[in-house]
Amino acid sequence: MNRVYDSSYTPLTSIPEGNSSARLDNGYAQRRHGIGSTIPQAAKITGLVIALSISPMTAIADPWLAEDRRRNAGVTKSSYEAVSGRRLSRAEALQIAQRILERAEYERLNAVEYEAARGIQWVDEQ
Amino acid sequence: MIYDFPERDAPIRQGDIFVSLPRAEISLKEVLIFKETELRVCSWLEIVASSEPLQLIVPVRPVAAIVASQDCDAIRSRDITLCEIRRFVDVEGKSKDTKSAKSWKNLITQHARINQKWFYLPPDKRIGFDEKMAVDLMVTLRVPRADLEECRSLRKGRLNSVADEHFRERISEFFRRYPYDEWYALDGEELKAYISEYPDITVYPWQKQGSMDDGIGQ
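Residues numbered from 1 in each chain as written. Chains lettered and ligands numbered in written order. Predicted model: local features only at pLDDT ≥ 70, side-chain atom pairs only at ≥ 80, totals over all residues. Heavy atoms only, no water.

### Details of the sheet that holds strand β2 (residues 16-24) of chain B
Residues and elements named next belong to chain B. Within the open sheet, the seven strands sit side by side as β1-β10-β2-β6-β7-β9-β8. Their pairing is antiparallel. Across the chains shown, the open sheet's two edge strands, defined by having one partner strand only, are β1 (3-4) and β8 (118-121). Relative to strand β9 (residues 133-144), helix α6 (residues 161-175) is tilted by about 80°, and along the sheet it contacts β1, β6 (60-67), β8, β9 and β10 (155-159). (Pairing = 2+ DSSP bridges. Helix = DSSP H or I, 4+ residues; strand = E, 2+ residues; numbered from the N terminus. Contact = heavy atoms within 4.5 Å. Axes fitted to C-alpha atoms, helices over the stretch in contact; angles between N-to-C directions.)

Laid out in structure tokens, this is it:
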């Protein structure tokens, strides 16, 4: 075993004064353990339960919680009910689909025209 | 011209040119929902609150496209991104009336001076381009990599090493364009000329009447 990691440990009964040597004090975890063991286990659990139960009241509005509630509310309805919109025939749906395609093409071509009008003009207008 | 023709089982790489890949068009105004035996149309805002997956009818058109994903992603990632290839006249509006070789030369070599939204692809019958084409960097599509590997018969070729290097740089330049209001540094007269062409702009405080000076003595 590497001797560097072999440090002897003496249990502390009081927290020592800090020193200015900045030496690594690896007894901190053990001291924490020693202090914690003086609180009864049941009291710790009770404290944790109280803290968790009141935290939503004390915290600011939680967007994730709100989103979750909204989603849960959404799934209690069937999507059939949630979806409003207009009922349509298969032929009408196909027409709309075709229109969506054509409109996309048309709008892209329009954007190209617009860009062409404002880009660098290679012929000097003077 | 500027194309190579890889073996059919060669791995997919950036610059590979495919034909007949599906480009889907989504409209947020008119969403076609298929529910059981019923079809409905509504806006996306009407259904966005539902967290359930929806079955939609989406119009799709087969298009030519070039692999934009980097080689390492084209080997491993779940999806591959491609840019649509369209007729050059449909991508660069100035080319509509271009006839002479000199004018074409000016248009095609703009790459060196301007960060354009397209990448030029010359005609080559072996790859199926009968006329001048261009990669439209604005229009992307995404397909599953494994599925695209199954469809390698749709790959008609790839950019050669010179064109591929250029294409790689063009993609990165395109996506790191710095957006700014190009009129911000124009002086009074220049701004007047600019506004006559684009009247909808908002001028900056230093360009307003009375704020303009020549900077001398500041």
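### Describing the packing of aromatic side chains
Residue and element names in this part refer to chain B. Under the criterion given, the structure shown has 11 aromatic pairs over all chains. Ring geometry for Phe88 versus Tyr120: centroids 5.5 Å apart, planes at 80°, classification edge-to-face. Here the residue Phe88 occupies a position in helix α3 (residues 88-91), and Tyr120 occupies one in strand β8, the gap between them amounting to 32 residues. Ring plane angle 15° and centroid distance 5.8 Å describe the contact between Tyr178 and Tyr180, whose orientation is recorded as stacked. A network of ring pairs unites the aromatic residues Phe88, Trp104, Trp118 and Tyr120 as a single cluster. (Phe/Tyr/Trp six-rings, centres within 6.5 Å; stacked < 30°, edge-to-face > 60°.)

### Thoughts on the nonpolar core
Residues and elements named next belong to chain B. Ile85, Leu121, Val135 and Leu159 are the most contacted members of the largest nonpolar core, which totals 20 residues. Elements represented by at least two residues in this core include exactly β2, β6, β7 (79-87), β8, β9 and α6. Those residues in contact with Ile85 that sit more than four places away from it in its chain are Ile17, Ala64, Ala65, Ile66, Leu121, Phe129, Met133, Ala134 and Val135. Phe18, Val63, Ala65 and Val143 belong to the second largest nonpolar core, which has 12 residues in total. (Core = buried A, V, L, I, M, F, W, Y, C linked by side-chain atoms within 4.5 Å. Buried < 20%, exposed > 50% of the residue type's maximum accessible area, 1.4 Å probe, protein only.)

### Some words on the interface of chain A and chain B
On the side of chain B, 40 residues touch chain A, which itself brings 37 residues to the contact. Of the roughly 3600 Å² buried between chain A and chain B, counting both surfaces, carbon and sulfur atoms make up 56%. The shortest N-O distance in the salt bridge between Arg61 of chain B and Glu105 of chain A comes to 3.6 Å. Our enumeration of links across chain A and chain B arrives at nine residue pairs in polar contact (both at pLDDT 80 or more). Those elements that provide at least two residues to the side of chain A that touches chain B are α3 (63-76), α4 (79-82), β1 (86-88) and α5 (90-118) of chain A. Per-element tally for the side of chain A that touches chain B: the top contributor is α5 of chain A, with 18 residues. (Buried area = accessible area lost by both parts, 1.4 Å probe. Salt bridge = Lys/Arg side-chain N within 4 Å of Asp/Glu carboxyl O. Polar contact = N/O pair within 3.5 Å; in protein donor to acceptor, adjacent residues only side chain to side chain.)

### Concerning the pairing of β9 of chain B
Residue and element names in this part refer to chain B. In terms of strand pairing, β7 meets β9 through nine bridges, oriented antiparallel. Looking at β9, one finds that Arg86 is bridged to Ala134. Summarising the sheet, β8 and β9 pair through four bridges and their orientation is antiparallel. Note on β9: the bridge partner recorded for Phe119 is Val135.

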